[in-house]
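The primary structure of each chain is shown beneath.
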Amino acid sequence: MRTPARYVHGAALPATGLLAGAFGYGAVNVVPTFGAVPLDVRLTFHTAMMEVNEPVMQSAMALAILTSFGLAVVGRGLPRRLALGAGVLTVASLLVTVFGNVPLHAHFRRWAATSAPAGHAEILQRWELFHTIRTLTALSAFALMIVIAVLTRPEPP
């Protein structure tokens, strides 16, 4: 891989890893904890966490998207195509978040201030499904960045 592409890949690899790690941590630790606590605790915690998480995760997604597509621009051959795939997957994570998870956050905020309606479990499960999807797309983007690193690794002397 050429030097400019190496620098961009050097930024894209940790950016996609950060995004995958953050979503993965949520899937493995936070979501099961949500299921283990009373609903009012979950809603209070979820609402507070989203206020803190939103700017952090928006920044992480933007960085992963920009560096993935940046590598697609400066890369060549298979690394370019893989980076393009990673960029598409990170955009998919963003779209699932914006059109899936975020609208449900409004429900959670309202329920935390009042009470959850009948049938709330289905909406909570929908949020978890969207979270699983965005986690898998972010993990896949990171995996593509790892493949690029492995395929373009210089041979030892």
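All of these numbers come straight from a predicted model, not from anything done at the bench. (Residues numbered from 1 in each chain as written. Predicted model: local features only at pLDDT ≥ 70, side-chain atom pairs only at ≥ 80, totals over all residues. Heavy atoms only, no water.)

Engineer: Explain helix α3 (residues 77-113) residue by residue, including any values.
Structural biologist: In this model, α3 (37 residues) spans 53 Å end to end at C-alpha, consistent with the 54 Å of a helix rising 1.5 Å per residue. The sharpest bend along α3 comes to roughly 35°, located at T97. (Helix = DSSP H or I, 4+ residues; strand = E, 2+ residues; numbered from the N terminus. Expected span 1.5 Å × (residues − 1). Bend = angle between axes of the 7 residues up to and from the residue.)

Engineer: Tell me what's going on with the environment of T114, and back it up with residues and numbers.
Structural biologist: Structurally, T114 is set in the loop between α3 and α4 (120-151). Among the residues examined, T114 registers a relative accessible area of 58% and is labelled exposed. Note: C-alpha distance between T114 and V56 (58 residues apart in sequence) is 27 Å. Within polar-contact distance, the side chain of T114 engages the backbone oxygen of R110 at 2.8 Å. (Buried < 20%, exposed > 50% of the residue type's maximum accessible area, 1.4 Å probe, protein only. Polar contact = N/O pair within 3.5 Å; in protein donor to acceptor, adjacent residues only side chain to side chain.)

Engineer: Which residues make up the nonpolar core, and what are the values?
Structural biologist: Membership of the largest hydrophobic core is limited to 12 residues, which are V30, V31, F34, L43, M49, M50, L104, F108, W111, I123, L124 and W127. Going through the elements one at a time, α1 (3-36), α2 (39-74), α3 and α4 are the ones with two or more residues in this core. Apart from residues lying up to four places away in sequence, W127 is in contact with V31, F34, R42, H46, N101, L104, H105, F108 and R134. (Core = buried A, V, L, I, M, F, W, Y, C linked by side-chain atoms within 4.5 Å. Contact = heavy atoms within 4.5 Å.)

Engineer: Quick one: what's the story with a nonpolar patch on the surface, residue by residue and with numbers?
Structural biologist: On the surface, a nonpolar cluster with roughly 240 Å² of combined accessible area is contributed by L78, V147 and L151. Following the sequence through the fold, V147 ends up in helix α4. (Patch = residues over 30% accessible without salt bridge, like charges linked within 9 Å, V, L, I, M, F, W, Y side chains within 5 Å. Areas by Shrake-Rupley, 256 points an atom, 1.4 Å probe, with all protein chains shown as cover. Salt bridge = Lys/Arg side-chain N within 4 Å of Asp/Glu carboxyl O.)

Engineer: Outline the packing of α2 against α3, supporting the account with residue identities and numerical values.
Structural biologist: Relative to each other, α2 and α3 sit at 165°, their axes nearing to 9 Å. In terms of axis orientation, α2 runs roughly antiparallel to α3. With respect to the hand of their crossing, α2 and α3 are arranged in left-handed fashion. In the contact of α2 with α3, the residues fall into 18 nonpolar, 9 polar and 3 charged. (Axes fitted to C-alpha atoms, helices over the stretch in contact; angles between N-to-C directions. Parallel < 35°, antiparallel > 145°, perpendicular 65-115°, else oblique. Left-handed = near helix turned anticlockwise from the far one by under 90°. Nonpolar A, V, L, I, M, F, W, Y, C, P; charged D, E, K, R; others polar.)

Engineer: Residue-level account of the pattern of salt bridges, with values.
Structural biologist: Tallied over the entire structure, the rule returns 2 salt bridges. E54 serves as the salt-bridge partner of R109, at 3.0 Å between the closest nitrogen and oxygen. A residue pair is termed long-range when its members are at least 10 positions apart, and R109 in helix α3 and E54 in helix α2 qualify at 55 residues.

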